[in-house]
Structure formats: C-alpha cells, structure tokens
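Residue-level listing of the chains:
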Amino acid sequence: MADFEEIESNWKQFKSIIDRFDDENINIMINHLGERLVTAPANARNTDKGSEAGGLIKNTLEILKLSRMIDAATGKNCNQKILYKVVVLHNIGTIGTVDKDLYLPQDSSWHLEKLGLVYKINPKLLDMDKIDLTFQLLSNYGIKLTGEEYQAILSLRTKEPTNHYGKVLLAAKILNK
C-alpha cells in the first residue's frame, strides 16, 4: 500500500510533467479528475503492479522512466514532448470515464481471497477496455493527438507498434510488469 507521502510526491512529479505540455485541455482534464486520478489504482489484482491507491500515477511515472531509458538506448532520441505526452496519457483511461470509476472497491471476500482482486470492474464499463476509455476521456476533454501519438497508444492493444514511440511505450510496459 502506498503511503500518503509517496502518493503526494508522485502527484507533484506527475503534475510538473503535465504542466510542461502547455495544453489547457490536458490541465482541465487533470484538474477535473483530481482526487480520482491521484488515488486511482493501475490494476485490480494484488499481484499486478499498481494495484494500490495511487498506483496509476506511480505506474505511469515508472513507465516514463523506462521509456526514457529505452529511447536513449536505441539512439533514436524521440521528441521528448511527444514521448512524455504518449506515456503520461496512454493509461489515463484506467480511471474510467468522466463520471464513472473503472475500478470499484472489492465487496466479495471470495474474489479478494481466492483471486487476489482488490478491485472489481465497474459493471457499467465492462464493454470498454482501457484503450477505449483513454481515447474517450481525451476526446471528452478536447485533447488532440497527432496520428503518431494515436498510433503509439493504440499499439498497446495491437502489440504491433507502427512507430518508434509505440515501440518504446510497448517495451516499457512489458519491462514494468
């Protein structure tokens, strides 16, 4: 379980990265999602990284660090602004929608004890995956992605990146498991 100081530190680091984008719509989304974003888990199962409160931001920061290292190791030197934007926004749909959380507290002791599910999936969001939810949230807040940024995030679903940003992001996600 992440402690308050760690969650607060991660939030400050995340927010400082967001502020660099100089995109009013991203700032509006982050401010609107507020505490939901700060406390959101990245995963539902206790054996998966980020299954604690604050796990989404913690996981995103870890993936960003790995992405920067992978990019440097390839020698391609991505445009850092694009790389940061893709990494920071790729999993934002894990929070759910504008008004519904994807992960709800687990109310079944059986699911918690036998399956390790700390959270359950909101039944109202069962028909959407995290990538769909990410694109929906970005659209709801008027956040525009270039074709390159869109393809990089989409590569997480297809597992077939069509550009360097997608390759870096996918590799970082795999290494962060």
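This text gives an overview of the structure that appears in the document. The structure presented is a predicted model; accordingly, all values stated were derived computationally and were not measured. Counting from 1, residues in each chain are numbered in the order their sequence is written. Local features in a predicted model are, by the rule used here, given only for residues with pLDDT of at least 70; side-chain atom pairs are given and counted only at 80 or more, and totals for whole chains, interfaces and linings are based on all residues. Each side-chain value is derived from all of the structure's non-hydrogen atoms; neither hydrogens nor water enter the calculation.

**Considerations on unusual backbone geometry**
1) Next: The backbone of Asn77 shows a phi angle near 50°, a positive value even though the residue is not glycine.
2) Next: Runs of E in the DSSP output that reach at least two residues are strands. Runs of H or I that reach at least four are helices, and both are numbered from the N terminus. Position of Asn77 relative to the elements: it lies in the loop between helix H3 (55-74) and helix H4 (80-89).
3) Next: One non-glycine residue, Lys159, lies in positive phi territory at about 60°.
4) Next: Turning to its location among the elements, Lys159 is positioned in the loop between helix H7 (147-158) and helix H8 (164-175).

**Topic: the pattern of salt bridges**
1) Next: We define a salt bridge as a side-chain nitrogen of Lys or Arg found within 4 Å of a carboxyl oxygen belonging to Asp or Glu. Inspection of every chain in the model, using the stated rule, returns ten salt bridges.
2) Next: Between Glu62 and Lys49 there is a salt bridge whose closest N-O contact spans 3.7 Å. On the criterion of sequence distance, the pair formed by Glu62 in helix H3 and Lys49 in the loop between helix H2 (24-39) and H3 is long-range, its members being 13 residues apart.
3) Next: With a closest N to O distance of 3.9 Å, Lys58 and Glu52 form a salt bridge.

**As for the environment of Cys78**
1) Next: Note that Cys78 resides in the loop between H3 and H4.
2) Next: Under the relative-accessibility criterion, Cys78 is labelled buried at 8%.
3) Next: Sequence separation of Cys78 and Tyr165 is 87 residues, and the distance between their C-alpha atoms is 7.3 Å.
4) Next: Note on contacts: a residue pair is in contact if any heavy atoms of the two residues lie within 4.5 Å. The residues touching Cys78, leaving out its near neighbours within four places in the chain, are Asp71, Leu83, His164 and Tyr165. Using a 1.4 Å probe on the protein chains alone, a residue whose accessible area is under 20% of its type maximum counts as buried, one over 50% counts as exposed, and one in between counts as partly exposed.

**Some remarks on the nonpolar core**
1) Next: Grouped together as the largest cluster of nonpolar side chains are 46 residues, with contacts concentrated most on Phe14, Met29, Ile30, Leu33, Leu37 and Ile92.
2) Next: Note on terminology: a nonpolar core comprises buried Ala, Val, Leu, Ile, Met, Phe, Trp, Tyr and Cys residues joined through side-chain atoms within 4.5 Å. Among the nonpolar cores identified, the runner-up in size contains seven residues, and Ala44, Tyr103, Leu117 and Tyr119 belong to it.

**Remarks on H8**
1) Next: Working rule for helices: expected span equals 1.5 Å times residues minus one. The end-to-end C-alpha separation of H8 is 16 Å, in line with the 16 Å expected for twelve residues at 1.5 Å each.
2) Next: For the purposes of these results, a polar contact is taken to be a pair of N or O atoms within 3.5 Å, where, inside protein, one atom must be able to donate a hydrogen and its partner to accept one; residues adjacent in sequence count only when each atom of the pair is a side-chain atom. Near the N-terminus of H8, the side chain that reaches the backbone nitrogen of Tyr165, with its oxygen 3.1 Å away, is that of Asn163.

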